[in-house]
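Residue-level structural notes
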Amino acid sequence: MPLTAGIVGLPNVGKSTLFNAITKSQVEAANYPFATIQPNVGVVEVPDARIDRLVEIFHPKKTIYTTFEFTDIAGLVKGASKGEGLGNQFLSNIRLTDAICHVVRCFDDANITHVENSVDPVRDAEIINLELNLADLQTVENRIGKIEKKSKTTKDKDAVAEMALLNRLKPLLEEGKPARVLEVDEDEAIILKGYNLLTAKPMIYVANLDEEGVMDPSANAYYNQLVEYASSQNNEVVALCAKMEEELSELDKEEKTAFLNELGVDSSGLDLLIQKAYSVLNLCTFLTAGEDECRAWTFKKGMKAPDCAGVIHTDFKKGFIRAEVYRFEDIDELESEHAIKEAGRLRLEGKDYVVQDGDVMHFRFNV
Ligand SMILES: Nc1ncnc2c1ncn2[C@@H]1O[C@H](COP(=O)(O)OP(=O)(O)OP(=O)(O)O)[C@@H](O)[C@H]1O
Ligand SMILES: [Mg+2]
């Protein structure tokens, strides 16, 4: 089940340009609102220097990075929650994603139409957030309409518990706050998840700067305004220039590295965004290494060894016996599995082992 982040924002802020950089595919990125009508999905490799290092050590026949999906969604406008623009359709497309990547225009260009006629990142972000908020409020009100009576008349335990949650959620949304800030216990978290609320999803802001701005974002007033706004809600901002990322995505790996070195940065804005999307979802990576294949696998923080084995194949989980585990740092230092064994750094772990980010795993199983 791939994890996906939906790219949202006002029309014409650079969503499709960023998406093109993501997929290198030819999604239309034209200079007019509503250029995108169908949601589009792009799959990216999650850059991981640990895999690059394993490849140096094992020289495998195959190298596989873990992946992440982005969905390009057409521009939302004021009133989207009431069906303005292509409102409801787009909101329902975001509902199916795991995280939201909110693109905000932070570049001046008189030739590129702005639906609100001026560049103002905080106002723009608030327009989108309000629409997401109103859409959630509708969901919550519909749900209240369905169970309020039941909770009062039958005193049904589940209905009463759910009403208690809804009665805290509604005023919060009415205040304009996102559902993700509500404090909930484990049972409530399950109910909340079932609503698929837009403002409950983790959000990352993307400040889409011009090429000059991206060289030193902290010197850019638009960027600083957005960072201040985002941090007041505990959200992070990734600075990038979508247009430059699109150009970068056409280069091969060496050319790209050379280009980034010239700019004096280690990784592209897009790579940072992918990594951030991965981390806001609490995703971790375990590795498998050998002469046939070096590969990164995604798992959720806290997962135990048999479940991680199941990420590779359901048979690995069913027939799980034990896992042989060493740390990436150990192979990085010692450069062979033989040396790891000699040094006593290979561990045998059972079914209760909580797998850690950066573990290199060999699963032993019975079929
Ligand atoms: N960082 C940037 N600097 C300058 N121009 C940019 C930048 N990012 C995008 N653009 C330009 O802005 C225009 C609109 O971009 P794009 O089509 O990606 O917007 P969009 O958000 O997908 O719009 P829509 O909601 O209509 O689909 C394009 O002409 C694109 O080249
Ligand atoms: Mg678009």
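Please read these numbers as outputs of a predicted model, since none were measured by experiment.

Calculation rules
Residues numbered from 1 in each chain as written. Chains lettered and ligands numbered in written order. Predicted model: local features only at pLDDT ≥ 70, side-chain atom pairs only at ≥ 80, totals over all residues. Helix = DSSP H or I, 4+ residues; strand = E, 2+ residues; numbered from the N terminus. Buried ≥ 20, exposed ≤ 12 C-beta atoms within 10 Å, placed from the backbone. Contact = placed C-beta atoms within 7 Å. Pairing = 2+ DSSP bridges. Axes fitted to C-alpha atoms, helices over the stretch in contact; angles between N-to-C directions. UniProt positions renumbered as here; feature names shortened; annotations may be inferred.

**As for the overall build of the protein**
From N to C terminus, the protein includes 15 helices and 12 strands. The C-alpha extent of the protein, read off along each of the three principal axes, is 65 × 65 × 35 Å. Across the 367 residues of the protein, 37% fall into the buried class. When contacts within the protein are restricted to residue pairs at least 6 apart in sequence, those whose partners lie at least 24 apart make up 70%.

**Let's talk about the pairing of strand β1 (residues 4-8)**
Burial of β1 is extensive: four of the five residues sit out of reach of the surface. Alignment of β1 against strand β4 (residues 67-72), held across four bridges, turns out to be parallel. What sits directly across from G6, in β4, is T71. Bridge count for β1 against strand β5 (residues 99-105) is four bridges, and the pairing is parallel. The partner of G6 across the bridge, within β5, is I100.

**Focus: the sheet that holds β1**
Taken in spatial order, the six strands line up as β2-β4-β1-β5-β6-β7 in an open sheet, and their pairing is mixed. The strands lining the two open edges of the sheet, one partner per strand, are β2 (40-45) and β7 (236-240). The average undirected angle you get between the axes of adjacent strands in this sheet is 25°. Alignment of β2 against β4, held across six bridges, turns out to be antiparallel. Bridge assignment links G42 to a residue of β4, and that residue is F70. Contacting β1, β2, β4, β5, β6 (203-208) and β7, helix α11 (residues 269-280) crosses the sheet at an angle of about 160° to β7.

**Digging into the UniProt feature "binding site: ATP" (unreviewed entry) in the protein**
Mapped onto the present numbering, the UniProt feature "binding site: ATP" (unreviewed entry) falls at N12, V13, G14, K15, S16 and T17. Topologically, N12 is positioned in the loop between β1 and α1 (15-23). For N12, a count of 21 C-beta atoms within 10 Å translates into the label buried. Relative to the helices and strands, T17 resides in helix α1.

**Comments concerning the environment of V77**
Here V77 is to be found in the loop between β4 and α3 (87-95). Assessed through the 20 C-beta atoms surrounding it within 10 Å, V77 is described here as buried. For V77 and L182, which are 105 residues apart along the polypeptide, the C-alpha to C-alpha distance reads 26 Å.

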